[in-house]
Amino acid sequence: MPRFSRRSFLHLSAAASAAAAFHITTEPMLAAAARRRPHAPDAVVIDANENPLGPSQGARDAMAAILPKGGRYADELTDELIQTFAQMEGLNSDYIHATVGSTPPLALSVLAFTSPQKSYVTADPGFETGMMAAGSSGARVVKVPLTKTYAHDVKAMLSAGPDAGVFYICNPNNPTGTLTPRSDIDYLVANKPKDSIVLVDEAYIHLTEAPNVLDLVKAGKDVIVLRTFSKVYGMAGIRCGFIVARPDLSEKVLQRGGYNFMPVTAVVAAAASLKDPNLVPERRRINATVRQQTFDWLTHNGYSFIPSESNCFMLDTKRPGKDVRDAMAKENVMIGRTWPIMPTYVRITVGTQSEMERFQAAFQKVMKA
Ligand SMILES: Cc1ncc(COP(=O)(O)O)c(C=O)c1O
């Protein structure tokens, strides 16, 4: 078993049993826990919403060039990254902090704004990291089913969480890859209880044409936006993200996890990625093309799925999804986990065209067995 998977799995088990301690649960830990067994080096791994293309050439060149300076903390490189993003988005640089991916600020935001008196309100199915962090703060976790169109049901979220500390909106949502209309997010922000925040996780926003909500932060609302370089930019293993919020909000979050220096490799790769105007449109196009080809194949072969705008989608297996996932693993294709509210669906990450062809062959074999 790869060292990483074993450690991740053990860490997840420990998190489940040690409610008083604060553990951060990450996507790779959840994927490894669902996987349960090692996979061969040549396996198709489409279970953790990673980007098979990896960092762009510009990002790779920037990392190679900075290596000789790796003996320096070089905090100014992080400042340059923040300035670059601030200028691109018209934000005040005080509103942006760089983080090692967006998992830490996600978990710490939940820790900062929830408590036994302040609940955590999230969509169901939804990304689990925040729910698990709420276990550490002793908060009530309120799971609100998505609407019929798989958007966040903001009105139901508001009525289910009059005591909310955090409303978590993941747009597009993980695991469904579906969007919540901007007007619904505006409604939530306008109608939420006074002391709560709206935590908008835009990990996958670049894979869609949907508007982001950075303007709500600029307008001084009680909104925290999370961004990551792990998805469209292909830097999951390099680790860079942003928390974007009013300084009084981000201060409350970051003081819970301590401040630290960023790896120089991550910040120069992130800056190079931001400066490449073709990167996001090109990768969005590649992901959408492979996703559509996969959807066409599934439709042609009589399988159903939830149409997605992102790099993952929910596939209807019409039998326990866990069984299909285990059978697919035997075919050397690692597909994603299930969610308790949708036990006959599995999450599939969109890989490369050739990975998805291997997925199709294995899925056909498993479903016809
Ligand atoms: C919705 C969502 N938010 C945040 C993350 C965290 O990613 P990272 O810590 O790599 O930035 C993930 C990872 O899969 C995710 O799916």
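Predicted, not measured: the structure shown is a model, and the values here were computed from it. (Residues numbered from 1 in each chain as written. Predicted model: local features only at pLDDT ≥ 70, side-chain atom pairs only at ≥ 80, totals over all residues. Heavy atoms only, no water.)

1. Observations regarding the packing of aromatic side chains
Point 1. Using the criterion set out here, one finds 11 aromatic pairs in the structure.
Point 2. Grouping aromatic residues by their ring pairs yields a cluster made of Phe85, Phe229, Tyr233 and Phe242.
Point 3. The ring of Tyr187 has Lys155 sitting right over it, with the charged end atom 4.9 Å from the ring centre. (Phe/Tyr/Trp six-rings, centres within 6.5 Å; stacked < 30°, edge-to-face > 60°. Lys NZ or Arg CZ within 6 Å of the ring centre and 35° of its normal.)

2. Digging into the nonpolar core
Point 1. Residues Leu81, Phe242 and Val244 are the most contacted members of the largest nonpolar core, which totals 55 residues.
Point 2. With 8 residues, the top contributor of residues to this core is helix H11 (residues 264-275).
Point 3. Discounting residues that sit within four places of it in the chain, Phe242 has contacts with Leu81, Ile82, Phe85, Ile96, His97, Ala98, Thr99, Val225, Leu226, Arg227 and Phe229.
Point 4. By size, the runner-up hydrophobic cluster in this structure holds 26 residues, among which are Ala107, Val110, Phe127 and Val166. (Core = buried A, V, L, I, M, F, W, Y, C linked by side-chain atoms within 4.5 Å. Buried < 20%, exposed > 50% of the residue type's maximum accessible area, 1.4 Å probe, protein only. Helix = DSSP H or I, 4+ residues; strand = E, 2+ residues; numbered from the N terminus. Contact = heavy atoms within 4.5 Å.)

3. Re the confidence of the model for the protein
Point 1. Per-residue confidence for the protein averages 93 on the pLDDT scale, and 94% of its residues sit at or above 70.
Point 2. With pLDDT under 50 throughout, residues 1-19 is counted as low confidence; its partners more than four residues away or in other chains account for 25 contacts. (pLDDT = per-residue confidence, 0-100.)

4. Focus: the pairing of strand S7 (residues 223-228)
Put simply, side chains in a regular strand alternate between the two faces of the sheet.
Point 1. Along S7, 6 of the 6 residues are buried, which leaves the element largely enclosed by surrounding structure.
Point 2. Every second residue of S7 is oriented toward a common face, with Val223, Val225 and Arg227 on one face and Ile224, Leu226 and Thr228 on the other, all of them buried.

5. Focus on the environment of Thr294
Point 1. Positionally, Thr294 belongs in helix H12 (residues 279-300).
Point 2. The class for Thr294 is buried, based on a relative accessible area of 1%.
Point 3. Not counting chain neighbours up to four residues away, the residues in contact with Thr294 comprise Phe313, Met356, Phe359 and Gln360.

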